[in-house]
Amino acid sequence: MAPSTAPPTSSAITLHINGDKYTLPVDHRTTLLDALRERLDLTGTKKGCDQGQCGACTVLIDGRRAVSCLQLAVAAEGRAITTIEGVADGDRLHPVQQAFLDLDGYQCGYCTPGQICSALGVIAEHAAGWPSAVTPDVRPEAGPPPLDAEEIRERMSGNLCRCGAYVSIVEAVARAAGSRVEGAVEPGAEVTEERVA
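This is a predicted model, so every value here is computed, not measured.

About the cut-offs
Residues numbered from 1 in each chain as written. Predicted model: local features only at pLDDT ≥ 70, side-chain atom pairs only at ≥ 80, totals over all residues. Heavy atoms only, no water. Salt bridge = Lys/Arg side-chain N within 4 Å of Asp/Glu carboxyl O. Helix = DSSP H or I, 4+ residues; strand = E, 2+ residues; numbered from the N terminus. Buried < 20%, exposed > 50% of the residue type's maximum accessible area, 1.4 Å probe, protein only. Disulfide = S-S within 2.5 Å. Pairing = 2+ DSSP bridges. Axes fitted to C-alpha atoms, helices over the stretch in contact; angles between N-to-C directions. Core = buried A, V, L, I, M, F, W, Y, C linked by side-chain atoms within 4.5 Å. Parallel < 35°, antiparallel > 145°, perpendicular 65-115°, else oblique. Left-handed = near helix turned anticlockwise from the far one by under 90°. Contact = heavy atoms within 4.5 Å. Nonpolar A, V, L, I, M, F, W, Y, C, P; charged D, E, K, R; others polar. Expected span 1.5 Å × (residues − 1).

Colleague: Explain the pattern of salt bridges to me, using residue names and the numbers behind them.
Modeller: If you walk through the whole model with that rule in mind, you get ten salt bridges. Arg65 is paired through a salt bridge with Glu125; the nearest N and O atoms lie 2.8 Å apart. Here Glu125 lies in helix α3 (residues 112–127) and Arg65 lies in strand β4 (residues 64–67), a separation of 60 residues in the sequence. Arg92 is the partner of Asp89 in a salt bridge, and the nearest nitrogen-oxygen pair spans 2.8 Å. Looking at Arg92, the relative accessible area reads 57%, which means it is exposed. One salt-bridge network, in which partners are shared between bridges, spans Asp34, Lys47 and Asp50.

Set out below in structure tokens:
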């Protein structure tokens, strides 16, 4: 009897990232996060907890949010992946990026790429009418709820910010979505201690 041959543990895959194709050999256990950072030098996506709990590694896969530390690279083959490097249009920032910049929706900046990718997903999910855990009326005929501060906080809850820039993050998402959030800062308005408190 011939000895059985073990299945291969690595293969060449092609990833579609930010409109470009990358073909690379990977171990089947390689996460998408490690393939992006270690193999393709796309280091905008950050490694935080490496357990899917902090959201720092959030990317968009086929337009939907995904924590890339829990996604195997082989499972992402052939799917459209967007990282923070693919969000801007050349030198022109995406409206979500501009809102984060204008409203100080970041401090140290480590979580910001994941926050921005998640915000893009949130805005698309809301526009498609997807309810959240705080949506009061989830019937399809009710339509999407207002994207208010409570909705944004719930929808962005998978992304942690160790610096605590949550107030500004909510305002940035609201501005980028074209929503008005109670207490949100208008462009050019002065930030006061009262607003932050």
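Continuing now.
Colleague: Explain the state of the cysteines to me, and be specific about the residues and the numbers.
Modeller: Going through the model one piece at a time under the given rule, you end up with zero disulfides. Take Cys54: it sits in no disulfide, and the sulfur closest to it among the cysteines is that of Cys49, at 3.8 Å.

Colleague: Would you mind going over the pairing of strand β2 (residues 20–27) in detail, with residue names and values included?
Modeller: The pairing of strand β1 (residues 10–17) with β2 spans eight bridges and is classified as antiparallel. Bridging from a neighbouring strand, Ile17 pairs with Asp20 of β2. Remark: two residues form the turn of the hairpin made by β1 and β2, two consecutive strands paired antiparallel; Asn18 in that turn has positive phi of roughly 55°.

Colleague: Residues and numbers for the sheet that holds strand β5 (residues 80–82), please.
Modeller: Pairing is mixed across the open sheet formed by five strands, whose spatial order is β2-β1-β5-β3-β4. If you trace the sheet from one side to the other, it starts and ends with β2 and β4, each paired once. When strand polarity is set aside, the average angle formed by the axes of neighbouring strands in this sheet is 40°. One ladder, built from two bridges, connects strand β3 (residues 58–61) with β5; its direction is antiparallel. Residue pairing across strands places Leu60 opposite Thr82, the latter belonging to β5.

Colleague: Please give an account of the nonpolar core that cites residues and values.
Modeller: A general feature of soluble globular proteins is that nonpolar side chains tend to end up buried together. Of all hydrophobic cores here, the largest spans 23 residues; its most connected members are Phe100, Ile116, Ile152, Met156, Ile169 and Val173. For this core, the elements supplying multiple residues, two or more each, are α2 (95–102), α3, α4 (149–155) and α5 (166–177). Residue contributions to this core peak at five residues, all from α5. Counting 16 residues, the second-largest nonpolar core is a separate cluster that includes Ile13, Val59, Ala73 and Ala76.

Colleague: Explain the packing of α3 against α5 to me, and be specific about the residues and the numbers.
Modeller: Pairs of packed helices are described in terms of their axes, by the angle between the two and the distance that separates them. The contact between α3 and α5 brings their axes to 10 Å, and the two run at 45°. Judged by the inter-axis angle, α3 sits oblique to α5. In this structure, α3 meets α5 at a crossing whose hand is right-handed. Contact residues: α3 offers Gln115, Ala119, Val122 and Ile123, while α5 offers Ile169, Val173, Ala176 and Ala177. Class assignment for the residues of the contact of α3 with α5 results in seven nonpolar, one polar and no charged.

Colleague: Any details on the packing of α2 against α5? Residues and values, ideally.
Modeller: Running from N to C, α2 and α5 point in directions that differ by 140°, and their axes come no closer than 8 Å. Looking at the two axes, α2 sits oblique to α5. Crossing handedness for the pair α2 and α5: right-handed. Two secondary-structure elements touch here, α2 through Pro95, Val96, Ala99, Phe100 and Asp102 and α5 through Ile169, Ala172, Val173, Arg175 and Ala176. Class assignment of the residues belonging to the contact of α2 with α5 gives a composition of eight nonpolar, no polar and two charged.

Colleague: How would you explain the side chain of Glu125 if you had to name every residue and give the values?
Modeller: You can call Glu125 buried: its relative accessible area is 12%. Once residues within four sequence positions are removed from consideration, Glu125 is found in contact with Arg65, Trp130 and Arg155.

Colleague: Which residues make up α5, and what values do they have?
Modeller: In an α-helix, one turn spans 3.6 residues; hence positions three or four apart end up facing the same way. Across its twelve residues, α5 extends 16 Å between first and last C-alpha, which sits within 8% of the 16 Å expected from 1.5 Å per residue. Every buried residue belonging to α5 is among Ser168, Ile169, Val170, Glu171, Ala172, Val173 and Ala174, and all of these are buried. Downstream of α5 by a residue or two, Gly178 has a phi angle that is positive, lying close to 80°.

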